Amino acid sequence: MQQITNHLPTAELQALDAAHHMHPFSTQSELAAKGARVITGASGVTLRDSEGVEILDAMAGLWCVNVGYGREELAEAAARQMRELPYYNTFFMTTHVPAIALSARLAELAPGHLNHVFYAGSGSEANDTNLRMVRTYWAEMGKPSKQIVISRWNAYHGSSVGSGSLGGMKGMHAQGGMPIPGIEHIDQPNWWAEGGDMSPEEFGLERARQLEKKIDELGEDNVAAFIAEPVQGAGGVIVAPDTYWPEVMRICRERDILFIADEVICGFGRTGQWFGSQTLDLAPDIMTIAKGLSSGYQPIGGSIVSDKVAEVIGATEFNHGYTYSGHPVACAVALENLRILDEEGIVTRVREDTGPYLKEKFEGLMDHPMVGEAKIVGMMGSIALTPDKAARARFASDAGTVGYMVRERCFANNLIMRHVGDRMIISPPLVISKSEIDTLIERAWQSLDEGMAAVKDAGLWTAG
Ligand code: PXG
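Sequence order as written defines the numbering, with residues in each chain counted from 1. Local features in this predicted model are restricted to residues of pLDDT 70 or higher, and side-chain atom pairs are both shown and tallied only at a pLDDT of 80 or more, whereas totals for entire chains, interfaces and linings draw on every residue. Water and hydrogen atoms play no part in the side-chain values, which are based on all heavy atoms of the structure.

1. A few points about the overall build of the chain
Now for step 1: Under the DSSP-based scheme used, a helix requires at least four consecutive residues in state H or I and a strand at least two consecutive residues in state E, with every element numbered from the N terminus. The number of helices and strands found in the chain is 17 helices and 15 strands.
Now for step 2: Over its C-alpha atoms, taken along the principal directions, the chain stretches across nearly 65 × 60 × 45 Å.
Now for step 3: What makes two residues a contact is simply this: any of their non-hydrogen atoms within 4.5 Å. Within the chain, contacts between residues separated by at least 24 positions form 70% of all contacts whose residues are at least 6 apart in sequence.
Now for step 4: With residues, only the protein chains shown are counted as cover, and all accessible areas are computed by Shrake-Rupley using a 1.4 Å probe. Per element, the accessible surface of the chain, about 19,800 Å² overall, is 53% carbon and sulfur.
Now for step 5: This count recognises Lys and Arg as positive and Asp and Glu as negative, with His and chain-terminal groups excluded. Throughout, a charge is located at the NZ atom of Lys, the CZ atom of Arg, the CG atom of Asp or the CD atom of Glu. Computing the positive centroid from 39 side-chain charges and the negative centroid from 59, the chain places the two 2 Å apart.

2. Quick notes on the environment of proline 428
Now for step 1: On the secondary structure map, proline 428 appears in the loop between strand 15 (423-426) and helix 17 (434-457).
Now for step 2: Ignoring any residue separated from it by four or fewer positions in sequence, one finds proline 428 in contact with Asp57, Ala58, Met59, Ala60, Arg270, Leu358 and Met379.

3. Some remarks on the confidence of the model for the chain
Now for step 1: Averaged over every residue, the pLDDT of the chain is 97; the share at 70 or more is 100%.
Now for step 2: When pLDDT is averaged over each helix and strand of the chain, the minimum, 93, is found for helix 2 (residues 28-34) and the maximum, 99, for strand 9 (residues 286-289). On a range of 0 to 100, pLDDT expresses the predictor's confidence in each residue.

4. Notes on the site of the ligand
Now for step 1: Any residue with a heavy atom lying within 4 Å of a molecule or strand is counted as near it. Around the ligand, a shell composed of 16 residues is seen, among which Trp63, Gly123, Ser124, Asp262 and Arg418 lie nearest.
Now for step 2: Whenever two N or O atoms come within 3.5 Å, that pair is a polar contact, provided that in protein one can donate a hydrogen and the other can accept it, and provided that, for residues adjacent in sequence, both atoms are side-chain atoms. Between lysine 291 and the ligand, the recorded distance is 3.1 Å, taken from a side-chain N or O atom to a nitrogen atom.
Now for step 3: Starting from 540 Å² of accessible surface for the ligand in isolation, the protein chains cover 83%.
Now for step 4: Among the elements of the structure, helix 3 (60-63) and helix 6 (123-140) are those that each provide at least two residues to the shell around the ligand.
Now for step 5: With 3 residues, the single largest contributor to the shell around the ligand is helix 6.
Now for step 6: Residue polarity is assigned by list, with Asp, Glu, Lys and Arg as charged and Ala, Val, Leu, Ile, Met, Phe, Trp, Tyr, Cys and Pro as nonpolar; anything else, Gly included, falls into the polar class. Considered class by class, the residues forming the shell around the ligand number 6 nonpolar, 6 polar and 4 charged.
Now for step 7: Here the shell around the ligand spans two domains, since at least three of its residues come from each of domain 1 (37-67 + 345-457) and domain 2 (73-343). The split of the chain into domains comes from an automatic or database domain assignment.

5. Considering the packing of helix 15 (residues 346-363) against helix 17
Now for step 1: Running from N to C, helix 15 and helix 17 point in directions that differ by 20 degrees, and their axes come no closer than 10 Å. In terms of orientation, helix 15 lies roughly parallel with respect to helix 17. The interaxial crossing formed by helix 15 with helix 17 has right-handed handedness. Contact residues: Asp353, Thr354, Tyr357, Leu358, Lys361 and Phe362 in helix 15; Lys434, Ile437, Asp438 and Ile441 in helix 17. Here, axes are lines fitted to C-alpha atoms. For helices the fit covers the stretch in contact, and angles between N-to-C directions go from 0 to 180 degrees. Orientation categories follow fixed angle ranges, with anything under 35 degrees roughly parallel, anything over 145 roughly antiparallel, 65 to 115 roughly perpendicular, and all other angles oblique. Here is the rule for handedness: rotate from the far helix to the near one, and if that takes an anticlockwise turn smaller than a right angle the crossing is left-handed, while a clockwise turn gives right-handed.

6. Thoughts on the pattern of salt bridges
Now for step 1: Criterion for a salt bridge: a side-chain nitrogen of Lys or Arg within 4 Å of a carboxyl oxygen of Asp or Glu. Summed over all chains, the structure comprises 27 salt bridges.
Now for step 2: The partner of glutamate 408 in a salt bridge is lysine 34, and the shortest N-O contact between them spans 3.1 Å. Of the two residues, glutamate 408 sits in helix 16 (residues 401-412) while lysine 34 sits in helix 2, which places them 374 residues apart along the sequence.
Now for step 3: For each residue, the accessible area found with a 1.4 Å probe, counting protein chains only, is set against the maximum for its type, and the residue is called buried under 20%, exposed over 50%, and partly exposed in between. For lysine 34, a relative accessible area of 54% translates into the label exposed.
Now for step 4: The network of salt bridges with common partners includes Arg209, Glu212, Asp216, Glu247, Arg250, Glu254 and Arg255.

7. Quick notes on the sheet that holds strand 1 (residues 39-43)
Now for step 1: Any two strands with at least two DSSP bridges between them are considered paired. What the 4 strands build is an open sheet, ordered 1-2-3-13; its pairing is mixed. With partners counted over all chains shown, the strands left at the sheet margins are strand 1 and strand 13 (415-416), one partner each.
Now for step 2: Of the strand pairs in this sheet, strand 1 and strand 2 (residues 46-49) are connected by 4 bridges, and their pairing is antiparallel. Note that in strand 2 the partner of glycine 41 across the bridge is arginine 48.
Now for step 3: Contacting strand 3 (54-57) and strand 13, helix 17 runs over the sheet at an angle of about 100 degrees to strand 3.

Listed below in C-alpha cells is the structure:
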C-alpha cells in the first residue's frame with residue numbers, strides 16, 4: 001500500500017483525492033478538474049496549505065473552530081480519555097464521567113430552565129432528535145395531532161433527511177425526496193433583499209406575523225414547534241430587524257407551540273454570549289448545539305432540553321439514540337474546550353473588546369462602492385454586494401455569480417471569506433486578535449476592489 005503523507009507533491013494528492021474522495025456540497029467533476037486545496041496544518045487563525053501558503057481563516061473552518069487551531073490541551077484531553085475509556089455507550093442504563101461532567105456544565109451555562117442534554121454526533125443528528133422529541137412531547141401530552149414543525153426558507157438545520165427537510169434550502173430539497181411531510185416553511189427576515197418599501201421595523205413585524213398566519217392556517221392543534229437560528233448562518237448571516245424576535249416569542253407563547261433555537265453556529269460565544277438566545281433574548285424549549293461545543297476538534301452535537309420538555313419525555317421510553325451519543329472522547333474534549341472559552345475570558349472578550357472592534361472595522365466596508373449593507377453580531381457578519389447601493393439593487397446575473405468572483409479574489413489574497421449568493425460572510429475564530437482583524441479587513445477590501453474590477457471587465461456591473 002502506498003504511503004500517503006504531506007510530503008507528496010500537491011498534484012499527486014489532488015489526483016488521489018479526485019479519484020477516491022467524494023466531497024460534500026461539491027461538483028466532483030469540477031473539483032477534479034481544478035484540484036482541491038490541500039490543507040496540511042493550522043495554528044491560531046491561520047491555515048497552511050501543501051504549497052506552504054498561509055491563509056487567514058475568517059470562517060473558523062465551518063463556523064466551528066472557536067478557540068482557534070492548535071490547542072494542545074484539547075489534544076491532551078482526547079489522548080487522556082482514549083487511554084482511560086475510549087468508548088462506551090450511554091444506552092441500557094449505563095453512563096460515564098465525561099458525559100456526566102459535560103451535561104452538568106452545559107446545564108450551568110445554558111439559560112435557567114434548560115438543564116438536560118441529549119447527545120448526538122453532529123448538528124444534523126441533533127435536529128433529527130429534536131423533530132422526534134417535539135412530536136413525542138405532544139403525543140405524550142395527549143395532543144398527538146400537534147405534529148407539524150414550522151421553519152424558514154433559507155434556514156440551514158443539517159443535511160440528513162430530517163434536518164435537511166427542516167432546513168429551507170431549495171437546492172437541497174430538489175434532491176433525494178425532501179422535504180418529508182409535516183414540515184412547513186415561512187419567509188426569512190432578510191430586510192435588505194426582501195424588505196421593499198417597508199422600514200426594517202415594519203418588515204420585521206410582517207415576517208414574524210407570517211408565523212402566526214401559518215399557525216392559524218394549519219390550525220394550532222396541528223403545530224408542534226417553530227425552529228430557527230437566532231442569526232441565520234449558512235443562509236448568509238441574516239440578522240433580523242429588532243422587531244422580529246419579540247413578536248415571534250409572543251406568538252410561540254400565545255399559540256402554545258414549542259420553540260427550538262438552533263444554536264449550532266450561534267452557540268459558544270459566537271454572538272458575544274454563551275448562546276445566541278441570550279444575545280437576542282429568546283426563550284427556547286430546546287437548543288440545538290454542535291460545532292463550537294468542541295471547537296470542531298471532535299464531532300459532537302446535542303439538544304439542550306428544558307425542564308418542561310424533559311419531564312414529559314422522561315416519563316416514557318424515548319426510542320431514539322446514536323452509537324456515539326455522549327461519546328466519552330468527544331465529551332472530554334468539549335468539556336476542556338468550554339474550560340478554555342471560560343477561563344481565558346474568550347466569550348467576554350468577544351462581547352466587550354474584539355467583537356466591537358471587528359464590528360467597527362467590518363461596518364467600515366460599507367464605504368466600499370460595491371457594499372450595500374454590513375451586518376454583524378459578535379463574530380458573525382455579512383455584507384451584501386450590489387451594483388447600486390441606494391436602490392438596494394441585486395446584480396442582474398444569477399445570484400452567486402458575483403459573490404463567487406469576489407470569493408475567488410479572497411482565496412487569491414489568502415483570506416477564507418465565503419459567499420452565499422451575492423453576500424460575503426465571515427465567522428472567524430473567536431481568538432482573533434485586533435491586528436489579525438486589521439489584516440482580515442485589508443484583505444477583504446483588496447478582494448472587493450479586485451472583484452469589482454473583474455465584475456466590470458466581465459460586463460456584469462448591471463442591476464437586475
Ligand atoms: N444547524 C445549523 C444552524 C448549522 O449551521 C447544522 C445545524 C448541521 O450541523 P452538522 O454538524 O450536521 O453539519 C449546521 C451546519 C455552510 C455550512 O456552507 C454550514 C453548516 C454545515 C455545512 C456547511 O455554511 N452548518
